[in-house]
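# Reading the structure
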Amino acid sequence: MEISNETSFNGFFLLGLADTSYLKALNMVTFLIMYILTLSINSLLIIMVKINLRLHTPMYFFLSNLSIIDIGISSSVVPKLIIITITQDKSISRHDCALQMFFHSSLVVTESILLACMAYDRYIAICKPLHYNTLMNMGFCLSLVAVSWAVGCISAGIHVPYTFQLPFCRSHHINHFFCEIPILLRLSCQDTWLHEITMYISACTLGLIAFILTLFSYAYIISTILNIRSTEGRHKAFSTCASHLTVISLYYGPLMFMYLRPHSRNSPNTEKTVSIIYTVVTPMLNPIIYSIRNKDIKVTMRGTLNKQS
């Protein structure tokens, strides 16, 4: 009877992360705690930027948008994973799977482009400080963020419908904890080489270009920092850059591994681990990394806590 129900079900079954009850409970508690921390820390950062006029600058404007994206990436994956673990109902409809894939894919691309915009902002601030206010005006910053969101939505709007036009007759069991394009391609009984090539080209065009632009920006930034005579000024510039480079490494490393590596070389457990890093761990760590060495955020947080006490 259960097999018959699965056969007639026009959706998918997410196999999740673990098989034993103990590991399922442990995973659920861990991800729930991480999700709450992600929501809390990112929301706190957005609020602090909002209430402190000193933080109304392009860098913090981009940082607020990064927090919104991180909340979205985590929210597109973790709640469904927790529900599956609690209810033991692993089913997900095609519609819900497509929505999850669209939001996740669009936000991932948006964050890639936004990180490049943040690198450009730091390049102008450190390498061309006299022109910073002119070049990085609010209108230009809004345009950069709008382009980031638009490109993310357009990219997902192309790849997701194309993926769901494929016939999925090999299996309806997704050996993953959410609907991700590379995983679903393997379930199709149709040759997906054209779609994979399109995905690689898109990933290289958007992801690698954004990554290369980021690296070029920081190459110029580091070169400029090394020429700063003031030890304090050099330390402050390096502090900001170190935070950004840490976030970039945590984000791009797993993402490139997942989308640019040949799928035949990936094992399900490896893919799950890599996906956990950029969908759950990185969104939680990003605001922490930016806040640890950030004097303005620390001052704002202390002032807020003092007012409340």
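Report follows, based on the coordinates. Note that the structure is predicted; figures quoted are calculated from it, not measured. (Residues numbered from 1 in each chain as written. Predicted model: local features only at pLDDT ≥ 70, side-chain atom pairs only at ≥ 80, totals over all residues. Heavy atoms only, no water.)

## Brief notes about helix H7 (residues 138–164)
Each α-helix turn comprises 3.6 residues. Residues three or four places apart therefore point the same way. This is how it is decided: Counting from the N terminus, the helices are the DSSP runs of H or I reaching at least four residues and the strands are the DSSP runs of E reaching at least two. Working rule for helices: expected span equals 1.5 Å times residues minus one. Relative accessibility under 20% of the residue-type maximum defines a buried residue, over 50% an exposed one, and the middle range a partly exposed one, all with a 1.4 Å probe and only protein chains included. Two residues form a contact once any of their heavy atoms are found within 4.5 Å. We define a polar contact as two N or O atoms separated by no more than 3.5 Å, with the added condition that, inside protein, one atom must be a possible hydrogen donor and the other a possible acceptor, whereas residues neighbouring each other in sequence contribute only through side-chain atom pairs.
Its 27 residues place the ends of H7 39 Å apart at the C-alpha level, agreeing with the 39 Å of an ideal helix rising 1.5 Å per residue. When H7 is considered as a whole, its buried residues turn out to be Cys141, Leu144, Val145, Ser148, Gly152, Ser155, Ala156, His159, Val160, Thr163 and Phe164. At its buried positions, H7 is contacted by strand E1 (11–14), helix H3 (58–75), helix H5 (94–127), helix H8 (181–185) and helix H9 (193–226). Regarding H7, its N-cap is Asn137, as a side-chain oxygen of that residue lies 3.2 Å from the backbone nitrogen of Gly139 further along.

## Topic: the sheet that holds E1
To summarise the sheet geometry, strands pair through backbone hydrogen bonds and adopt either a parallel or an antiparallel arrangement. Counted only if it meets this: DSSP-based pairing: two strands are paired if at least 2 bridges between them are found. Axes here mean lines fitted to C-alpha atoms, for a helix over just the part in contact, with angles spanning 0 to 180 degrees between N-to-C directions.
One open sheet accounts for three strands, arranged E2-E1-E3; its pairing is mixed. The outermost strands of the open sheet, each flanked by one partner alone, are strand E2 (91–93) and strand E3 (173–174). Sheet analysis places E1 next to E2, joined by three bridges and oriented antiparallel. Residue Phe13 lies in a different strand from E2, and its bridge partner there is Ser91. Running at roughly 80 degrees to E2, H5 makes contact with E1, E2 and E3 of the sheet.

## Let's talk about the side chain of Glu111
Heads up, the rule is: As used throughout, the charge tally considers Lys and Arg to be positive and Asp and Glu to be negative, leaving His and the chain termini uncounted. Just to be clear on terms, a salt bridge is a Lys or Arg side-chain nitrogen sitting within 4 Å of an Asp or Glu carboxyl oxygen.
Positionally, Glu111 belongs in helix H5. No salt bridge is formed by the buried Glu111; its nearest oppositely charged neighbour, Arg122, is found at 16 Å. Excluding residues within four positions of it along the chain, Glu111 makes contact with Leu66, Ile69, Asp70, Ile73, Tyr251 and Asn286.

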